[in-house]
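Structural overview
Letter by letter, the chains look like this.
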Amino acid sequence: MAGAGEEGGPPQQSDVRISVNSRRVSNTVHPLDGQTPPLSSSTPTSLPAPPPPGYREIKHFKKWFSWLIPVFVVANVVMFVITMYVNNCPKNSVSCVAGFLGRLSFQPFKENPLLGPSSTTLQKLGALDVSKVVHEHQGWRLITCMWLHGGVFHLLANMLSLLVIGIRVEQEFGFVRIGLLYVISGLGGSLFSALFLQSNISVGASGALFGLLGGMLSELITNWSIYANKVVSLVTLVVIVAINLAVGLLPHVDNFAHIGGFLSGFLLGFVFLIRPQFSWVSQRYALQTYSSSSPKHKFKAYQCILWVLSLILLIVGFTLGLVLLLRGVDLNDHCSWCHYMSCVPTSRWSCNTQPVSCMSDQVGGQLTLTCSNNGKTKTYSLQSPSPSQIQGLCSQLCR
């Protein structure tokens, strides 16, 4: 890899050299015999040269085939289709968007501007609802919420980001480590969100996505010596993270899930995405005739220190977070400014996201709703409306 130096004394004839291509192009490292003979004039130039003696692919730097991230994308899309099928807008709402889709049509824009289902449907299928986690022991919602999305726009944004970011890191580190990093980061994002946003439901894979970004940043730090353009890579990644966190300051975006997922992924990166140093790789994969003056350690001291500290912080953080959540603690009561991390109010928008509620009065075929939040009243011509229809109309009236 460009920028990585070699250690040891002057080269001997039996030395083994490591040929490493640029990280952005290839991650395959091959030990090569230093005495590879040149092709003779009698060798046909149209035939490929035989592999040099001792040619082996090093598992720590090989290129993996990415299949898990595409599976995650398909799973999220399938779950969204199932969500829309369960939602059944024509049956549960007075009006729908894209009615030609039938049962898969979307809730009205005023209720859900993301082109998606109702909050009632999301709650039914596993959205993060803190009251249900705390009082009804439904802790599984911390995981299921990351496979649900609020609408088509929400799904597209997350899945495109997942494909761009996830496939590259899975090719670098394999499906096991990236799969664990994705799921655990998503859990960390859900947990952090539940400690601050307790009056609304939350869905989306954003926490897991930010976990991948956090893992990429810690991987850059812990494997610092093998990067050619260190500063450029670091600045680029930091700017990307900063822009995404800034977007999270807008209303109706759960930036707490972003922050929790990023912190979890950042610490997990030091644990899962560590690489051995090149002097150890050179020694381990050398030919039998290669002799080293002294044994090399697999990892540098700072890598080991970061590994231990990160593992401790992860265990303590998740344990403490779960204990506080199950005790019903709202961290906003202990931090008067923390709500600004998810939404900053301006003259153009409000950060008031309190749940909507309405007073209903059914007289014959006339349903009259009065929004408790803003006092608006409206009458609808409905005969025996379902609770889902009333809730949907209430959401539109209070927006």
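From a predicted model like this one, the values you see are computed outputs, not experimental measurements.

A short note on the side chain of His258
For His258, the position within the fold is in helix α10 (residues 255-272). A residue is classified by how much of its surface remains accessible, and His258, at 7% relative accessible area, is buried. Each residue touching His258, except ones within four places of it in the same chain, is listed here: Ser206, Phe210, Asn244, Leu245, Gly248 and Val253.

Focus on the state of the cysteines
In this structure the tally under the stated criterion is three disulfides. Two residues share a disulfide in this structure: Cys89 and Cys96, whose sulfurs sit 2.1 Å from each other. Around the S-S axis, the bridge from Cys89 to Cys96 shows a dihedral of about -105 degrees and counts as left-handed. Look at Cys89 and you get buried, because its relative accessible area is 0%. On the accessibility criterion, Cys96 (27% relative accessible area) is partly exposed. The partner cysteine of Cys358 in its disulfide is Cys394, sulfur to sulfur 2.1 Å.

Regarding the pattern of salt bridges
A side chain with one charge may pair with a side chain of the opposite charge, provided their charged atoms come close. With the rule as written, the count across this model stands at three salt bridges. Across the pair Glu136 and Lys132 runs a salt bridge whose closest N-O atoms are separated by 3.7 Å. Taking relative accessible area as the criterion, Glu136 reaches 43% and is therefore assigned partly exposed. Between Arg168 and Glu172 there is a salt bridge whose closest N-O contact spans 3.3 Å. Taken together, the residues span about one helical turn, with Arg168 and Glu172 both in helix α6 (residues 152-173) at a distance of four residues.

As for the environment of Val356
Among the secondary structure elements, Val356 is positioned in the loop between α12 (301-326) and β3 (358-363). A relative accessible area of 18% means that Val356 is categorised as buried. Separated by 17 residues in sequence, Val356 and Asn373 place their C-alpha atoms 6.4 Å apart. Dropping the residues within four chain positions of it, Val356 is found in contact with Asn373, Gln391, Cys394, Ser395 and Cys398.

A look at the pairing of strand β4 (residues 366-371)
The side-chain alternation of β4 yields one buried face, formed by Leu367, Leu369 and Cys371, and one unburied face, formed by Gln366, Thr368 and Thr370. Turn length for the β3-β4 hairpin, with the two strands adjacent in sequence and antiparallel, is two residues, and the turn residue Gly364 shows positive phi of about 65 degrees. Pairing between β4 and strand β5 (residues 377-381): five bridges, direction antiparallel. Note that in β5 the partner of Leu369 across the bridge is Lys378. Hairpin connection, β4 to β5: the antiparallel pair is bridged by five residues, and Gly375 has positive phi, about 80 degrees.

Cut-offs used in this document
Residues numbered from 1 in each chain as written. Predicted model: local features only at pLDDT ≥ 70, side-chain atom pairs only at ≥ 80, totals over all residues. Heavy atoms only, no water. Helix = DSSP H or I, 4+ residues; strand = E, 2+ residues; numbered from the N terminus. Buried < 20%, exposed > 50% of the residue type's maximum accessible area, 1.4 Å probe, protein only. Contact = heavy atoms within 4.5 Å. Disulfide = S-S within 2.5 Å. Salt bridge = Lys/Arg side-chain N within 4 Å of Asp/Glu carboxyl O. Pairing = 2+ DSSP bridges.

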